[in-house]
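Take a look at the letters that make up each chain.
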There are 2 protein chains.
Amino acid sequence: MTKYSIILQPSGSRGQVEEGQSIRSAARDLGVEIESICAENATCGKCMVLIEEGRFEKYNIDSKRSNLSPVSTEEAAYFARRPKLLKDKGWEVGQVRLSCQCKIRGDVLVNVPEESRGNKQIVRKSASNREIEVKPAIRKYLVTTTPPNLERPIADWERLAKGLETSMGLVHGIDAKLPRWYDLTIDYQCLRTLSKTLREAKWSVTVSVWQDKEVIEVQAGYAEDSYGAAVDIGSTTVALYLCNLRTGEMLAAESEMNPQIVYGEDVMSRIQYAIENPDGLEKLHKAIISTLNKLLKQAAKTANIQTEEILEMVLVGNSTMHHILLNLHPKDLGLAPFVPAIHKSMDVKARELGLQINPSGNIHVLPTIASFVGADTSAMIVAEEPHKQDENWLLIDVGTNAELILGNRKRLLCTSTPTGPALEGAHVEYGMRAAPGAMERIEIDEKTLEPRYRVIGVTGWNTDHAEFKGQVKGICGSAIIDGVAELFRAGIVDSRGKFKQGLESRRIRKGESGWEYVIAWAEETSIGRDIPMTQQDVRQIQLAKAALFTAARTLLKRSGLESPDKIILAGGFGSYIDKEKAMLIGLIPDCELDKVYAVGNAAGDGARIALLNVEKRNEIDGVTRKVERFELPTDPEFQNQFMLATSFPHMSEPFPHIAHLIPNRVADPMAKNFMSK
Amino acid sequence: MTKYSIILQPSGSRGQVEEGQSIRSAARDLGVEIESICAENATCGKCMVLIEEGRFEKYNIDSKRSNLSPVSTEEAAYFARRPKLLKDKGWEVGQVRLSCQCKIRGDVLVNVPEESRGNKQIVRKSASNREIEVKPAIRKYLVTTTPPNLERPIADWERLAKGLETSMGLVHGIDAKLPRWYDLTIDYQCLRTLSKTLREAKWSVTVSVWQDKEVIEVQAGYAEDSYGAAVDIGSTTVALYLCNLRTGEMLAAESEMNPQIVYGEDVMSRIQYAIENPDGLEKLHKAIISTLNKLLKQAAKTANIQTEEILEMVLVGNSTMHHILLNLHPKDLGLAPFVPAIHKSMDVKARELGLQINPSGNIHVLPTIASFVGADTSAMIVAEEPHKQDENWLLIDVGTNAELILGNRKRLLCTSTPTGPALEGAHVEYGMRAAPGAMERIEIDEKTLEPRYRVIGVTGWNTDHAEFKGQVKGICGSAIIDGVAELFRAGIVDSRGKFKQGLESRRIRKGESGWEYVIAWAEETSIGRDIPMTQQDVRQIQLAKAALFTAARTLLKRSGLESPDKIILAGGFGSYIDKEKAMLIGLIPDCELDKVYAVGNAAGDGARIALLNVEKRNEIDGVTRKVERFELPTDPEFQNQFMLATSFPHMSEPFPHIAHLIPNRVADPMAKNFMSK
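Residues numbered from 1 in each chain as written. Chains lettered and ligands numbered in written order. Predicted model: local features only at pLDDT ≥ 70, side-chain atom pairs only at ≥ 80, totals over all residues.

Here we look at the overall build of chain A
Looking only at helices and strands, chain A has 19 helices and 29 strands in total. Referenced to the eigenvectors of the C-alpha coordinate spread, the extents of chain A come out at roughly 100 × 65 × 50 Å. By residue count, 50% of the 677 residues in chain A fall in the buried class. For chain A, the proportion of contacts with a sequence separation of at least 24, taken over those separated by at least 6, is 67%. (Helix = DSSP H or I, 4+ residues; strand = E, 2+ residues; numbered from the N terminus. Buried ≥ 20, exposed ≤ 12 C-beta atoms within 10 Å, placed from the backbone. Contact = placed C-beta atoms within 7 Å.)

What follows is the structure, encoded as structure tokens:
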């Protein structure tokens, strides 16, 4: 058998292949996947490649003989249907070929354009800037069968399954471990319309296969795209991302308030509602299902598709949201010893939950880790992959409740702690959510004790403006951290959080509820009142940060570590806080500042990754099975540690990275034991 | 390690086992399964054995030391709860032991009573009188776990799954290939009540596992029995058998008319109804589901259980009944080229079909073979096992449509043919169903041409009674075959089925529709009219038997066989016909008469076997995949063969076994080619 050289660009893969092999097949042998969904029928055009002039190494091919088989009728017909594509790209037929059709007859140099490459990758922002391979749970295959006749009256499903076996083999290569036709299954509801579709489509259909085993959709004719939705159900906000499962592209992102809020602000009050009302769970469950259906409809409209074209959903959320979504009673999540009904991930048919995607589609719910460490934390692990690191990473998802993961490839520990709403600007006198008019940054000059601040929607600092009137409404989360840190740094409050006596500043005064520091005078605000930070506000932040810090410390101690190698802050809150200030007040443990990352909505990212890459699902099930869970209240040292942690850092030793900012470096006798082990 | 001898009766298995091993574990090592469902907790008592006195081989045990560990507290407590059992059986504690509890400390001779033996068998009537091993798809396990606490706040499902892994291992032995706990799954609806049940049951529950992988029921406390239903959906009658899945015992058998009859008598007219009416399928589907639910309720009442305790159903029926049950449109079953939607068996959740057993239970539907060879034929194969024979068996299920299977372990062929309703007594002038007042046997004296007959509900022949007045209503299927055979044997009709001219008998006369033979005079009947068999009746039977015979012949020819080694007649009809008479008119091919068996409702038997023995399900899927299907109309010889086969056998050669009965042994020139190949 004559062999020829083939080089594939841009990967540079090269090798000797047999005469007569198609470029696509040769490329696979050399480890380069080229897309195809039409079972090499010259129909889908996914496998287009560019033939470079290269007659390299040897130059002995006479000009009448091409190094490739000539353009076939089917191939010509494909390109004839796409004049615009050829014009836009400036390609000529012959230069561009369908790699499934053209056979190798001599040495060739081939360029595989990005859109034809298999195992597509999407880049996403994360602590590690990884690329995500697109390996969806659902793949489409064009299957064309001969119609049944009296000689071969084989049933519709078996006819399709045999065609599908062939088609899957052609797309993935015969070596791939794919099921035989008789091991393939079809969803019962999908089977119900199979016979009609096959006949209407004249026995040429596109089949959507879930997890290489179950047929969940059969469409007439050729169809290339399928869609999926990733959803992060937060206690406050529900976010849905609609993605193309073939390309990984995000087509729509929609969000809504979580409608369960009317039954309780936080998870504990919703659990309480479900316990106290006979139809409580039913109401909470129906509310979230109807909101998800609304978001699905909106997203489909944005992407200009039908909701029936959405074939899978991946859902994440804290354990309470997870339970309510699945209509599992959340009672035991809220009562000691705080256990979920199930940890393991689940696949439930959309029709069982009343979710209005394709009724044969599956809803994949990521695993829960503990009662207060839910599927959203699993998603965060998927997104950041601490289990693949040599370094010890500390992941913190900050919200009303904070979840913490610490560890590396050898061991992962997790815990959670309620932090209260202070970090999100609630229960702080002039606190508000991040919105125009909210202060987002505060600095205090340690000499003059005068502040300056930035306001969302206004450029620069307030002091940059000649006149700054009526623009401030309140203080959002990030500025609250700033404010407390600056009060401490400037020496206005001591390491125990108390306003110091006798400082000379007109801004420090005794207000209605005790000492306070005025950041904005009434004329700078739109509310016509001075906006101060009060002793009470400082106290709220101290409680919140003490809880978070104690949780982190407990994990570090159990791992025998002094500090993490990297800190990853997930959640919207983490994206806006000043990490130096956060460390200064002891909100997060000491760490090199450039090793502290804010990654935004890691739970949503993780949901999207699990939607686009099916391999991540088994992976996270395995990882979460091994995560070691600690419930803080069981730690006898917790209360003691917690009380000590309400203080601000005061000695340089355990906080080398922010030591230069800590005022009064002489130890405060009251807080001497703060870092004791 | 000291070893001791153990002998197990009645099997006689013997061997050396290690000191300290339990009898149950030692027995398993010697290949003797002893029942247990309580995970060796001394709770279920399934593993009771009798200790025979035997201190065999060596007799050196001093009398103070028992060869077994003493009766434990748990064991004593078990027997204390069952004084009646001990009294009834005449057993003493110590003589009877729980084999999971008592440890071997010396040589022992043990008797395993029938009720403690694993892999129970039920005997059933069939052509082969096989025993059926009870290996249900559903097994129960008692699982007792420690309650969760703050140190081990593992989720309810994972806690249960780990306990279940242990329990399954204890019941089946650690070597059995059982899934690990994290590979077990739980049905979504079953999960919804898990947390509540576990707590109410104080963490001791009985778990029902389907196919060794999916938990479908969790009951508080200890429960040993589970139930299943096998159903044969005939076009006319629906029969349901309720069985105990542990013992194999049949607890109830219920039947009802198929309610679809109001939409059409036979399958073709029901297919037509579904095609012509937009809601036709829906009506047919709902009708059968509601009848099944009614039968389930009746059967549960008879057996004194709740329908929720029924955890599985196995359903069979012809392809049209199969499709309508599954709400699949039957249109293409009735139109050329006659293909089903699916061959393969299916498992569908009861709740998807609205069948009112446990909603997490599965409905298993046996595979279809062809458009007119349905899941009922698959069930017949399960019951009779032609695929395990060296001989060539011909299985015939006779009804309005007849299905035929021919072959052995190497090859199975199948076909089907419409036979019309004549064989069931319809379209025959005085035909009726088998019921009191129906003639069931007819004989005609070939000299006097006088008949005698038997009537259902009356002992002996009519001629045995001094006076026989007003007792006959009509002729049922078996008597119609008899009548036609006797008319032929007595020389009243010729081999082409025509009444001969010039015979001297007052019973032969010209009636309204042609020649006829009076079997019962008006005064013998309850209808006050003479009951004859007419030329038309004979013609009807000729058409039916010609169809059946041609089908059988086609299969024989394709197999290169002259005749089958055994003929198995399934269906109610086969049970009552006189096989010699059936052969005489050429209804079935020639075969040794004592190799012709009537097996009754083989489809119902097969459904019950598939319900009780899960291994049969994979087996039949594999067998039906390999069955070769022939559609008769595609055979060019069919019409020709069919016309020839309307004649009755006339030459001794091809019918050696009934040759002595054939009148006029000189060849009839018109029928000369009857057996031509």
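What to know about the packing of helix 12 (residues 375-384) of chain B against helix 17 (residues 602-612) of chain B
All names here are of chain B. With their axes 7 Å apart at the nearest point, helix 12 and helix 17 run at an angle of 75 degrees to one another. Relative to helix 17, helix 12 is oriented roughly perpendicular. Between helix 12, through Asp 376, Ala 379, Met 380, Val 382, Ala 383 and Glu 384, and helix 17, the contact on the second element is made entirely by Ala 602, Ala 603, Asp 605, Gly 606, Ala 607, Ile 609 and Ala 610. Classifying every residue of the contact of helix 12 with helix 17 by side-chain character gives 9 nonpolar, 1 polar and 3 charged. (Axes fitted to C-alpha atoms, helices over the stretch in contact; angles between N-to-C directions. Parallel < 35°, antiparallel > 145°, perpendicular 65-115°, else oblique. Nonpolar A, V, L, I, M, F, W, Y, C, P; charged D, E, K, R; others polar.)

Things to note about helix 12 (residues 375-384) of chain A
When you tally the buried positions in helix 12 of chain A, you get 10 out of 10 residues, the bulk of the element. Count one or two residues on from helix 12 of chain A and you reach Glu 385 of chain A, which has phi positive near 55 degrees.

So, the domain arrangement of chain A
Think of interface size as the accessible area that goes away when the parts come together; that is how it is often given. When its domains are assigned, chain A resolves into domain 1 (3-116), domain 2 (137-220), domain 3 (227-365), domain 4 (380-421 + 541-671) and domain 5 (424-535). The distance between the C-alpha centroids of domain 1 of chain A and domain 3 of chain A comes to 45 Å. (Domains from an automatic or database assignment.)

A closer look at the interface of chain B and chain A
Contact residues are listed per partner, giving 40 residues for chain B and 40 residues for chain A. The set of elements that each furnish at least two residues to the side of chain B that touches chain A consists of helix 4 (156-172), helix 5 (188-191) and helix 6 (194-200) of chain B. Looking at side-chain class alone, the side of chain B that touches chain A contains 21 nonpolar, 8 polar and 11 charged residues.

So, the sheet that holds strand 24 (residues 508-511) of chain A
All names here are of chain A. Here 3 strands make up an open sheet; going across it, the order is 24-25-26 and the pairing antiparallel. Every interior strand has two partners, whereas the edge strands, strand 24 and strand 26 (531-534), have only one. The sheet shows a mean angle of 45 degrees between the axes of neighbouring strands, direction not considered. Pairing between strand 24 and strand 25 (residues 514-520): 4 bridges, direction antiparallel. Paired with Gly 511 across the strands is Gly 514, a residue of strand 25. The strands that helix 14 (residues 535-559) touches are strand 25 and strand 26; relative to strand 26, the one it contacts most, it runs at about 55 degrees. (Pairing = 2+ DSSP bridges.)

Here we look at the sheet that holds strand 4 (residues 96-98) of chain B
All names here are of chain B. Strand order in this open sheet of 5 strands is 2-1-5-3-4, and the pairing throughout is mixed. Pairing within the sheet leaves two strands with one partner each, and these edge strands are strand 2 (13-18) and strand 4. In this sheet, adjacent strand axes meet at a mean angle of 35 degrees when their direction is disregarded. As judged from the 4 bridges shared by strand 1 (residues 3-9) and strand 5 (residues 108-111), these two strands associate in the parallel manner. Note on strand 5: the bridge partner recorded for Gln 9 is Asn 111.

Quick word on the relation of the copies chain B and chain A
Superposing chain B onto chain A requires a rotation of 180 degrees together with a translation of 0.0 Å along the rotation axis, leaving an RMSD of 0.2 Å. Given the turn and translation reported, the copies of this chain are related as if by a two-fold rotation axis. No C-alpha of chain B lies nearer the rotation axis than that of Glu 352 of chain B, which sits 4.7 Å from it. Take the interface residues of chain B: 100% of them recur as interface residues in chain A, which is what a same-surface contact looks like. (Least-squares fit on C-alpha atoms with pLDDT ≥ 70 in both.)

Details of the pairing of strand 5 (residues 108-111) of chain A
Along any regular strand, the residues point their side chains to alternate faces of the sheet. Residues and elements named next belong to chain A. Burial along strand 5 is one-sided: Val 108 and Val 110 are buried, and none of Leu 109 and Asn 111, which face the opposite way, are. Where strand 3 (residues 48-52) lies against strand 5, 3 bridges are found, and the strand directions are antiparallel. Considered in strand 5, the bridge of Ile 51 is made with Val 110.

What to know about unusual backbone geometry
Residue and element names in this part refer to chain B. With an omega of 5 degrees, the peptide bond between Gln 9 and Pro 10 qualifies as cis. Note on placement: Pro 10 falls in the loop between strand 1 and strand 2. Cis geometry marks the peptide bond from Ala 336 to Pro 337, where omega comes out at 5 degrees. Along the chain, the position of Pro 337 falls in the loop between helix 10 (331-334) and strand 16 (346-349).

A word on helix 7 (residues 267-276) of chain B
Residues and elements named next belong to chain B. Val 267, Arg 270, Ile 271 and Ala 274 are the residues of helix 7 that are buried. Burial along helix 7 is one-sided: seen end-on, the buried residues are contained in an arc of 100 degrees. Packed against the buried residues of helix 7 are helix 8 (280-303), helix 9 (319-325) and helix 10. (Arc of directions from axis to C-beta.)

Section: the nonpolar core
Counting 347 residues, the largest nonpolar core has Ala 379 and Leu 404 of chain A together with Ala 379 and Leu 404 of chain B as the members making the most contacts within it. Discounting residues that sit within four places of it in the chain, Leu 404 of chain B has contacts with Leu 394, Leu 395, Ile 396, Cys 414, Thr 415, Ser 416, Ala 551, Ala 552 and Leu 555 of chain B. (Core = buried A, V, L, I, M, F, W, Y, C linked by C-beta atoms within 7 Å.)

Some thoughts on the confidence of the model for chain A
Residues and elements named next belong to chain A. Averaged over every residue, the pLDDT of chain A is 88; residues scoring 70 or more account for 92%. Counted against residues more than four places away or in other chains, residues 54-64, with its pLDDT under 50, gives 11 contacts. With pLDDT under 50 throughout, residues 665-677 is counted as low confidence; its partners more than four residues away or in other chains account for 18 contacts. With a pTM of 0.85, the predicted complex shows an ipTM of 0.85. (pLDDT = per-residue confidence, 0-100.)

Topic: the packing of helix 7 of chain B against helix 8 of chain B
Angle between the axes and distance between the axes: these two values describe a pair of packed helices. All names here are of chain B. The interhelical angle for the contact between helix 7 and helix 8, taken along N-to-C directions, is 130 degrees, at an axis separation of 6 Å. In this view, helix 7 runs oblique relative to helix 8, as classed from their interaxial angle. On helix 8, the residues that touch Arg 270, Tyr 273, Ala 274 and Glu 276 of helix 7 are Gly 280, Leu 281 and Leu 284. In the contact of helix 7 with helix 8, the residues fall into 4 nonpolar, 1 polar and 2 charged.

Focus on the environment of Arg 441 of chain A
All names here are of chain A. Inspection of the secondary structure assignment puts Arg 441 in strand 21 (residues 438-444). Between the alpha carbons of Arg 441 and Gly 228 there is a distance of 39 Å; along the sequence they are 213 residues apart. Residues contacting Arg 441, with those up to four places away along its chain left out, are Tyr 453, Arg 454, Ala 479 and Asp 482.

Quick look at the environment of Glu 615 of chain B
Within the element layout of this structure, Glu 615 of chain B appears in helix 18 (residues 615-626). Taking C-alpha positions, Glu 615 of chain B is 9.7 Å from Glu 133 of chain B, a pair spaced 482 residues apart along the chain.

Examining the pairing of strand 12 (residues 227-233) of chain A
Residues and elements named next belong to chain A. Taken across its 7 residues, strand 12 has 7 buried, putting it largely inside the fold. Along strand 12, one buried face is formed by Tyr 227, Ala 229, Val 231 and Ile 233 and the opposite face, lined by Gly 228, Ala 230 and Asp 232, is buried too. Between the end of strand 12 and the start of strand 13 (residues 237-244), which pair antiparallel, lie 3 residues. In terms of strand pairing, strand 12 meets strand 15 (residues 310-317) through 7 bridges, oriented parallel. Paired with Gly 228 across the strands is Glu 312, a residue of strand 15.

Some details on the environment of Gly 437 of chain A
All names here are of chain A. Mapped onto the secondary structure, Gly 437 falls in the loop between strand 20 (412-418) and strand 21. On a C-alpha basis, the gap between Gly 437 and Ala 490 in space is 25 Å, while along the polypeptide they are 53 residues apart. Residues in contact with Gly 437, not counting those within four places in the same chain, are Val 455, Ile 456, Gly 457, Gln 471, Val 472, Lys 473 and Ser 526.

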